[in-house]
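Geometric and topological summary
Chain by chain, the residues:
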Amino acid sequence: MLTEIDATVLYSAVRLTVQYSDGGQRRSMREVGTGFIVQQDRGRCDARYLVTNRHVVDPDYQKFRRWKLEEVQVSGYFQHPRDRKGVPEFQEVTFLNPAPRWPSAWHLDVAVLPLDGAGVQMEVNEGSGRFNTLPGSALAKVHDFVSGDITVGRQVLMPGYPGLDKRAAHRPILVSGVIATDPRYAAALGGEDYEDQVLCHAFSWEGMSGSPVLCMVPRPVAWDDWDHTGEMKLTPVLAGVNAGHHKVRDDATAGAITRFVRGDVLRSLLAEMSTD
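In this text, all values refer to a predicted model and were calculated from it rather than measured experimentally.

Enumeration according to the criterion identifies 3 aromatic pairs in this entry. With a centroid separation of 4.6 Å and an interplanar angle of 40 degrees, the aromatic rings of Y61 and W106 are classed as tilted. Of this pair, Y61 sits in the loop between α2 (54-57) and β4 (68-78) while W106 sits in the loop between β5 (89-96) and β6 (111-114); the two residues are 45 residues apart in sequence, bridging distant segments of the chain. Ring geometry for Y77 against F90: centres 5.4 Å apart, planes inclined by 70 degrees, an arrangement best described as edge-to-face. Remark: F90 occurs in strand β5 and Y77 occurs in strand β4; sequence separation between them is 13 residues. Looking at Y77, the relative accessible area reads 5%, which means it is buried.

Below is the structure:
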């Protein structure tokens, strides 16, 4: 489980480079977004899923109609959990012929790529191919939003790979902010409603689409599963997936109002995929 924000959480963010093809013509999309890997406990066999935005890996979601996703390159650093003061190691892998999944609802800009199982083709370009992951148990549930555990004013933290002057950051950075709308209801801005999404006052750049959104939520300090001290501690919960920022003008590359898809949407998608 997640207990604090440290280097392993920072390096859970990975940089994505995707490549599309159209009639034999290959088009490379460089530093298009951020992603992160969720590890689901499946008993004897854990399952890993790369999470990002649908607009990053689905050409039809944008303007590249009838194009095909050919490969996804994942790069970043691995901070060993048992040596958190050690030097993080650079990693780069490429997934060939990936088959991401997304919700049927068009407005939910989230996508998941299974990293284990039959049909997964991965090439290790550098390092061991190992990345830091976020536990599936940290994913927010509907109750977290309905009960007010994740609510307006709560602090949010987002690690990601922002781009400046069309160049992506070499290492992830962590930005912070606060939840700006009532998560129990559709986010509303400029006459638009965004179902199952939340607005934050958190600075964001291009390239941070698909970043994990961590919300600091008070949780009981437990000695074990059956007893706790009665004290509360702020604990990071995976509240959702950053879907980008709202621009103040058309040529703006950054913004202070960001939007994320709620974590219970991702939880439901992962549950659906686990039963396939």
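This part covers the nonpolar core. Ranked by internal contacts, the top residues of the largest apolar core, which has 23 residues, are F36, V51, V110, V112, L238, L266 and L270. For this core, the elements supplying multiple residues, two or more each, are β2 (25-40), β3 (47-52), β17 (228-245) and α4 (263-274). Element by element, the count of residues in this core is highest for α4, at 5 residues. Not counting the four nearest positions on each side in its chain, V110 is found in contact with V51, T52, N53, R54, R101, W102, P103, V241, V261, V265 and L266. M158, V213, V217 and A239 belong to the second-largest nonpolar core, a separate cluster that totals 18 residues.

Among the structural elements, S211 can be located in the loop between β15 (197-205) and β16 (212-222). Taking the C-alpha atoms as reference, S211 lies 8.6 Å from V51; in sequence the two are 160 residues apart. Apart from residues no more than four positions distant in its own chain, S211 is found in contact with T34, F36, M158, P159, G160, G240, V241 and N242. A distance of 3.1 Å separates the side chain of S211 from the backbone oxygen of P159, its partner in a polar contact.

Rules used throughout
Residues numbered from 1 in each chain as written. Predicted model: local features only at pLDDT ≥ 70, side-chain atom pairs only at ≥ 80, totals over all residues. Heavy atoms only, no water. Phe/Tyr/Trp six-rings, centres within 6.5 Å; stacked < 30°, edge-to-face > 60°. Helix = DSSP H or I, 4+ residues; strand = E, 2+ residues; numbered from the N terminus. Buried < 20%, exposed > 50% of the residue type's maximum accessible area, 1.4 Å probe, protein only. Core = buried A, V, L, I, M, F, W, Y, C linked by side-chain atoms within 4.5 Å. Contact = heavy atoms within 4.5 Å. Polar contact = N/O pair within 3.5 Å; in protein donor to acceptor, adjacent residues only side chain to side chain.

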